[in-house]
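# Results of the structural survey
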Amino acid sequence: MTQNVRIPLADGGSLAAAVAMPEGSAPTQGWPGVVIVHEIYGVEPDMLEVARLFGEHGYVAVLPDLYSHGSRVRCLARVMHQLATGRLDGPTADIDATRRWLAGREEVDGSRLGVIGFCMGAGFALAYAAGAPPGVRAAAVNYGAVPRRKEELASVCPVVASYGGRDRGFRSHGERLREHLRALGVDHDVTIYPEAGHSFMTDGHHPIARLALFPLRHGLVRPAADDAWKRTLSFFDRHVADRQ
């Protein structure tokens, strides 16, 4: 089950967010936590399913709505502009506010956190993790943008990433991410699935996107998704939750 919350921001505003909790009582040290950064479509049912999945796997998962910081239209326009220009201060500040809120919860171990993003959110998650935020031990980057300069990732935590080989827009970013992390000596698991396209890990229903974004080969590919989730959860269990 998920519950709706508001996350306070430094400017006096707040973010709407959904939180999924594991069942039962929290362990003495607290549960590990994860911040989920949504796709361009916002907080849709498939993103809520990601939160539930992490909750069932023993993480406190929080999914902030990045479009709720002010009016939705203005927020969307601001995020799109920042994504296009590479100036990600706004979204990463909101992600950090979410991390601080999550780390401050009594039932959460703030030293065992991860961040995961999809599509647009994957680029934001990677940029955020590259800033070495406190307690963030791993990042999951799924078909997201990667900076051209490896130096921008010099301080990034371990990364697990999944890309689609049929995704003409972002396949090269997966290859670039692998090369950057290898050159930097960062622990990583980057896999490109030849049978998959964009947004292949979640069952989102975006018929217009399938037509408008045809070169990305948009849509769920179950075998690739199952393997990507297995890798992602295993990576987080090892690096974030300290489960062997």
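Going by the structure above, here's the rest.
Residues numbered from 1 in each chain as written. Predicted model: local features only at pLDDT ≥ 70, side-chain atom pairs only at ≥ 80, totals over all residues. Heavy atoms only, no water.

## So, helix H1 (residues 45–56)
Residues separated by three or four positions in an α-helix point in the same direction, a consequence of the helix having 3.6 residues per turn. Helix length check: H1 (twelve residues) gives 16 Å between terminal C-alpha atoms against 16 Å at 1.5 Å per residue, within 8%. Close packing links the buried residues of H1 with strand S2 (14–20), strand S3 (31–37), strand S4 (60–64), strand S5 (108–118) and helix H7 (222–239). Of the residues flanking the end of H1, it is Gly58, one or two places downstream, whose phi is positive at about 95°. (Helix = DSSP H or I, 4+ residues; strand = E, 2+ residues; numbered from the N terminus. Expected span 1.5 Å × (residues − 1). Contact = heavy atoms within 4.5 Å.)

## With respect to the pattern of salt bridges
A side chain with one charge may pair with a side chain of the opposite charge, provided their charged atoms come close. Across all of its chains, the model carries twelve salt bridges by this definition. One salt bridge in this structure joins Arg100 and Asp96, with 3.1 Å as the shortest N-O distance. Residue Arg100 and its partner Asp96 are located together in helix H3 (residues 89–103), separated by four residues, close to a single helical turn. Several salt bridges share partner residues, and in doing so they unite Arg149, Lys150, Glu151 and Glu152 into one network. (Salt bridge = Lys/Arg side-chain N within 4 Å of Asp/Glu carboxyl O.)

## Structural notes on the packing of aromatic side chains
The final tally for this structure, using the stated rule, is seven aromatic pairs. Seen in terms of ring centroids, Phe54 and Trp229 are 6.1 Å apart; in terms of plane orientation they differ by 75°. Their pairing is edge-to-face. Note that Phe54 is positioned in helix H1 and Trp229 in helix H7, a separation of 175 residues in sequence. Each member of the pair, Phe54 as well as Trp229, is classed as buried. Aromatic pair Phe54 and Phe236: ring centres 5.8 Å apart, planes at 50°, arrangement tilted. (Phe/Tyr/Trp six-rings, centres within 6.5 Å; stacked < 30°, edge-to-face > 60°. Buried < 20%, exposed > 50% of the residue type's maximum accessible area, 1.4 Å probe, protein only.)

## Observations regarding helix H4 (residues 120–129)
Counted residue by residue, H4 has nine buried out of ten residues, so it is predominantly covered. Where H4 is concerned, the buried positions are Met120, Gly121, Ala122, Gly123, Phe124, Ala125, Leu126, Tyr128 and Ala129.

## Notes on the pairing of S3
In terms of burial, S3 is a largely internal element, seven of the seven residues being buried. In the sheet, S3 pairs with S4 via three bridges, with the strands oriented parallel. Counterpart to Val34 in the pairing with S4 is Ala61. Taken together, S3, H1 and S4 form a β-α-β motif whose crossover is right-handed. (Pairing = 2+ DSSP bridges. Right-handed = clockwise from strand over helix to strand, strands pointing away.)

## Comments concerning the sheet that holds S3
As a general point, the strands of a sheet are linked pairwise by backbone hydrogen bonds and lie either parallel or antiparallel. The strand order across the open sheet formed by eight strands is S1-S2-S4-S3-S5-S6-S7-S8, and the pairing between neighbours is mixed. Either end of the sheet is taken by a strand with one partner, and the two such strands are strand S1 (2–8) and strand S8 (188–193). With direction set aside, neighbouring strand axes in the sheet form an average angle of 20°. Relative to S5, S3 runs parallel, the two sharing six bridges. Each bridged residue has a counterpart across the sheet, and for Trp31 the counterpart in S5 is Val108. (Axes fitted to C-alpha atoms, helices over the stretch in contact; angles between N-to-C directions.)

## Some words on the nonpolar core
Core analysis: the biggest nonpolar cluster contains 73 residues, and Ile36, Phe54, Phe118, Val156, Leu177, Phe200 and Phe236 have the highest contact counts within it. Per-element tally for this core: the top contributor is H4, with seven residues. In this structure Phe54 touches Val34, Ile36, Tyr59, Ala61, Ile116, Trp229, Leu233 and Phe236, once residues within four positions along its chain are discounted. (Core = buried A, V, L, I, M, F, W, Y, C linked by side-chain atoms within 4.5 Å.)

## Quick notes on the environment of Gly114
Structurally, Gly114 is set in strand S5. Taking the C-alpha atoms as reference points, Gly114 and Val136, 22 residues apart in sequence, are found 5.1 Å from one another. Not counting residues up to four positions away in its chain, the partners in contact with Gly114 are Gly33, Val34, Val35, Ala138, Phe236 and Val240.

## As for the packing of H1 against H7
As a packed pair, H1 and H7 sit with axes 12 Å apart at the nearest point and diverge in direction by 50°. Regarding the angle of H1 to H7, the classification is oblique. Read as a crossing pair, H1 and H7 show a hand that is right-handed. Seen from H1, the contacting residues are Val50, Leu53 and Phe54; seen from H7, they are Trp229, Leu233 and Phe236. Its residues placed into classes, the contact of H1 with H7 shows six nonpolar, no polar and no charged. (Parallel < 35°, antiparallel > 145°, perpendicular 65-115°, else oblique. Left-handed = near helix turned anticlockwise from the far one by under 90°. Nonpolar A, V, L, I, M, F, W, Y, C, P; charged D, E, K, R; others polar.)

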